[in-house]
Amino acid sequence: MADDLPLLLGLLLVAAAGTATVLVRDPVRQSFLLSLLGLALALVFLLLQAPDVALSQLAVGSALTPLMVLLSVRKVRRKARSERREEHE
């Protein structure tokens, strides 16, 4: 039972991070929570003795995916800002 405690805590962290990611409305905050979710999943995979999957999750889920979300949000906001400027001119 005590051996399962770290895994249980990791799964609770995954559930909390996933729920928070869905409930937050701001895309920038969502990307940070998505990164936290990726870290939590990497921890769970490590606890399940899958270090290769944990490393892949760490790279993709914690770094690349949130970065792509942030870059996409930035581009959309810049485009919306430039369109608003064109309307005023």
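Residues numbered from 1 in each chain as written. Predicted model: local features only at pLDDT ≥ 70, side-chain atom pairs only at ≥ 80, totals over all residues. Heavy atoms only, no water.

- An unreviewed UniProt entry lists the protein under the name DUF4040 domain-containing protein, from Streptomyces platensis.
- Recorded in UniProt under Subcellular location (unreviewed entry), the annotation for the protein is "Cell membrane". (UniProt positions renumbered as here; feature names shortened; annotations may be inferred.)

**Considering the UniProt feature "domain: MrpA C-terminal/MbhD" (unreviewed entry) in the protein**
Then comes step 1: This chain's UniProt record puts "domain: MrpA C-terminal/MbhD" (unreviewed entry) on residues 12-78.
Then comes step 2: The distance from the first to the last C-alpha atom of residues 12-78 is 37 Å, and the span holds 91% helix and 0% strand. (Helix = DSSP H or I, 4+ residues; strand = E, 2+ residues; numbered from the N terminus.)

**What to know about unusual backbone geometry**
Then comes step 1: The phi dihedral of Gln49 falls on the positive side, at around 60°, and the residue is not glycine.
Then comes step 2: Mapping Gln49 onto the fold places it in the loop between helix 2 (27-47) and helix 3 (51-88).

**With respect to a positive patch on the surface**
Then comes step 1: Taken together, the side chains of Arg74, Arg78, Arg81, Arg84 and Arg85 define a basic patch exposed on the protein surface.
Then comes step 2: Relative to the helices and strands, Arg81 is located in helix 3.
Then comes step 3: Here Arg81 falls in the partly exposed class, since its relative accessible area comes to 41%. (Patch = residues over 30% accessible without salt bridge, like charges linked within 9 Å, V, L, I, M, F, W, Y side chains within 5 Å. Areas by Shrake-Rupley, 256 points an atom, 1.4 Å probe, with all protein chains shown as cover. Salt bridge = Lys/Arg side-chain N within 4 Å of Asp/Glu carboxyl O. Lys, Arg positive; Asp, Glu negative; His and termini not counted. Charge placed at Lys NZ, Arg CZ, Asp CG, Glu CD. Buried < 20%, exposed > 50% of the residue type's maximum accessible area, 1.4 Å probe, protein only.)

**Thoughts on helix 2**
Along an α-helix, residues three or four positions apart point the same way, because every turn accommodates 3.6 residues.
Then comes step 1: For helix 2, spanning 21 residues, the distance from its first C-alpha to its last is 30 Å, which sits close to the expected 30 Å at 1.5 Å a residue.
Then comes step 2: Restricting attention to buried positions, one finds in helix 2 the residues Ser31, Leu33, Ser35, Leu37, Gly38, Ala40, Ala42 and Val44.
Then comes step 3: Buried residues along helix 2 sit against helix 1 (5-23) and helix 3.
Then comes step 4: Positive backbone phi, approximately 60°, marks Gln49, located one or two places after helix 2. (Expected span 1.5 Å × (residues − 1). Contact = heavy atoms within 4.5 Å.)

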